[in-house]
2 protein chains.
Amino acid sequence: MQPAWTQAPLFASLTPSQQAQLERLAVTRKLEPGETLFFEEDACTGFFVLVAGAIQLTRASDQPGAHPTLAVILPVQSFAEAAMFGGEAFPATATAVQPSQVIHFPKAAFLGALRDDPDFALAVIHAQAVWLRRLATRVQQLAGVGSGDRLRNWLRQQLPKPGARYALPMPKKTLAAQLGMTPETLSRSLRSLQEEGLLAVEGRTLHRLGEL
Amino acid sequence: MQPAWTQAPLFASLTPSQQAQLERLAVTRKLEPGETLFFEEDACTGFFVLVAGAIQLTRASDQPGAHPTLAVILPVQSFAEAAMFGGEAFPATATAVQPSQVIHFPKAAFLGALRDDPDFALAVIHAQAVWLRRLATRVQQLAGVGSGDRLRNWLRQQLPKPGARYALPMPKKTLAAQLGMTPETLSRSLRSLQEEGLLAVEGRTLHRLGEL
DNA sequence: CGTTCGGCTTGATGCCCGTCAAGGACGGAA
DNA sequence: TTCCGTCCTTGACGGGCATCAAGCCGAACG
């Protein structure tokens, strides 16, 4: 059995020997809910893979109190790769929303590995392309007409066909932030879907009943 | 004097000999306003550098008629790099909004060059990281409170200090799409900024007067 | 057991902004 | 010149969603 982090998309196409080589660089860290892994503008020390829990990436804005959510990281995903290549500082703030465990890969050693192994570099390029598509999808969602529509889009992703179930790995307020709406609006949108008979909600478990 | 496309961020860190090697792959194409370079889901033939004009990247959505704008490409920028690595098909539709000129780099030859040259691969990784930041910024803009606020954010980017001028390289309707609002709302927002004495608008030229 | 706190829901109110509609400014073509 | 098309502006209207406020529920704790 390989370590959990080898399942991350970034490493999926690596050979076992390459993975073993990388494992010597890895450092593990645990976080409590509300604890911050790094702040926007912090000097970038490397990148991370989440192996347990959930991490919320937010970005400060000019408006006081407003912290748009860029993404919610779930196991097993890597994040902050872009920070390592693109600039000196982290472009966002990473906060745990659940008890979490991350693996840290220091910057210098990782860049060295990139330089030595063309296949590894190609794998990284591929992983970045996946991220680009995710962000493009997110832009599409945010630009979509109403917040109710964004919720329906998201539900179709998580619950591919009627009958499917999904348990939220995060509080509803975090989901609301990810969808760019307030918890109140999320609550109301879910209710209206229930009244249409398309969805059942029991606590944090969603149960798709019909054709959204 | 080097060819214009060598100024693109993607190639900035290449040596002259590497650039010369790439130039043999390049193919030039011209487009009229409204003409489409490629459609979403088209098979990906390579990637592009815009050397003149302006290109709008849009993405189809479920709602009929709604085409959220991902980005507006201005000279000299590369685009569709991600499509080459991430998948088989283009993730967006590219349409000229002005008379434009692009350079096309075919896929296969380019991937070969990547494999042979670690520095080039690192340059590509860097370029993708820049894209990731741009999209993250876009998400931030879209998630930002009001459309008026998004306009102010954009103005601060284009007009760094009071007294600065900027001539729009595109029609206002395109700018409105980029900012995720309708032309009507853009017009009203610009008017209110003028009434506050912070901005002057003469046709497509913007003149920043005060502290936004 | 009672208390407290956070997550969640529900209601009332107001504003922002998208839509629809009409009209002005400008440029190109006959 | 006149006609026509595009870009842009302005007004009126309505709906969606954020905000504010109150209350419910379950979990953790003394």
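Relevant structure appears above.
Chemist: I would appreciate a short explanation of the overall build of chain A in the present structure.
Modeler: Across its full length, chain A carries 7 helices and 11 strands. A buried classification covers 51% of the 212 residues belonging to chain A. Within chain A, contacts between residues at least 6 apart in sequence are counted, and of these 72% link residues at least 24 apart. Summing over all exposed atoms, chain A offers an accessible surface of approximately 9,500 Å²; the carbon and sulfur share of this is 53%.

Chemist: Honestly, the pairing of strand β5 (residues 69–73) of chain B in this entry has me stumped. Any pointers?
Modeler: Within a regular beta strand, the side chains point alternately toward one face of the sheet and then the other, so they alternate between its two faces. Residues and elements named next belong to chain B. Across the 5 residues that make up β5, a large majority, 5, are buried. Judged from the 4 bridges that link them, strand β4 (residues 55–58) and β5 form a sheet pairing that is antiparallel. Directly across from T58, in β5, lies its bridge partner T69.

Chemist: Even after reading the chapter, I still don't get the packing of aromatic side chains, so can you show me in this structure?
Modeler: Each aromatic ring pair is specified by the distance between its two centres and by the angle formed by the two planes. Residue and element names in this part refer to chain A. Enumeration over the complete set of coordinates arrives at 20 aromatic pairs over all chains. With 6.4 Å between their ring centres and 55° between their planes, F105 and F110 make a pair best called tilted. On the accessibility criterion, F105 (0% relative accessible area) is buried. Every member of this aromatic cluster is reached through a ring pair, and the members are F38, F48, F79 and F90.

Chemist: When you look at the protein's contact with DNA strand C in this model, what are you seeing that I'm missing?
Modeler: Taken together, the neighbourhood of DNA strand C is formed by 17 residues, with R188 and R191 of chain A together with G146, S147 and T185 of chain B sitting nearest. What you see for DNA strand C is that sugar and phosphate hold 71% of its atoms within 4 Å of the protein. Within the side chain of S187 of chain A, an N or O atom sits 3.0 Å from a sugar or linking oxygen of DNA strand C. One of the side-chain nitrogen or oxygen atoms of R191 of chain A is found 2.2 Å away from a phosphate oxygen of DNA strand C. By residue number, the principal contributor to the surface near DNA strand C is helix α7 (residues 183–195) of chain A, which donates 4 residues. By residue class, the composition of the surface near DNA strand C is 2 nonpolar, 7 polar and 8 charged.

Chemist: For this particular structure, what's the right way to read the protein's contact with DNA strand D?
Modeler: Inspection of the region around DNA strand D gives 17 residues, with G146, S147 and T185 of chain A together with R188 and R191 of chain B positioned closest. Restricting the count to atoms of DNA strand D within 4 Å of the protein gives a sugar and phosphate share of 74%. One of the side-chain N or O atoms of T185 of chain A is found 2.3 Å from a phosphate oxygen in DNA strand D. R188 of chain A is positioned such that a nitrogen or oxygen atom in its side chain is 3.2 Å from a base oxygen of DNA strand D. At the level of elements, α5 (147–158) and α7 of chain A together with α6 (172–178) and α7 (183–195) of chain B are the ones that each hand at least two residues to the surface near DNA strand D. Considering each element in turn, the surface near DNA strand D owes the most residues, 4 residues, to α7 of chain B. Residue classes in the surface near DNA strand D are distributed as 2 nonpolar, 7 polar and 8 charged.

Chemist: Sorry, what's going on with the packing of α5 of chain A against α7 of chain A here?
Modeler: Residues and elements named next belong to chain A. At a closest axis distance of 10 Å, the pairing of α5 and α7 adopts a crossing angle of 65°. The angle between α5 and α7 falls in the class roughly perpendicular. Classified by chirality, the crossing of α7 by α5 is right-handed. For the pair α5 and α7, contact is made by S147, G148, L151, R152 and L155 and by T185, L186, S189, L190 and L193, respectively. Of the residues that constitute the contact of α5 with α7, the class distribution is 5 nonpolar, 4 polar and 1 charged.

How each quantity is defined
Residues numbered from 1 in each chain as written. Chains lettered and ligands numbered in written order. Predicted model: local features only at pLDDT ≥ 70, side-chain atom pairs only at ≥ 80, totals over all residues. Heavy atoms only, no water. Helix = DSSP H or I, 4+ residues; strand = E, 2+ residues; numbered from the N terminus. Buried < 20%, exposed > 50% of the residue type's maximum accessible area, 1.4 Å probe, protein only. Contact = heavy atoms within 4.5 Å. Areas by Shrake-Rupley, 256 points an atom, 1.4 Å probe, with all protein chains shown as cover. Pairing = 2+ DSSP bridges. Phe/Tyr/Trp six-rings, centres within 6.5 Å; stacked < 30°, edge-to-face > 60°. Near = heavy atom within 4 Å. Polar contact = N/O pair within 3.5 Å; in protein donor to acceptor, adjacent residues only side chain to side chain. Nonpolar A, V, L, I, M, F, W, Y, C, P; charged D, E, K, R; others polar. Axes fitted to C-alpha atoms, helices over the stretch in contact; angles between N-to-C directions. Parallel < 35°, antiparallel > 145°, perpendicular 65-115°, else oblique. Left-handed = near helix turned anticlockwise from the far one by under 90°.

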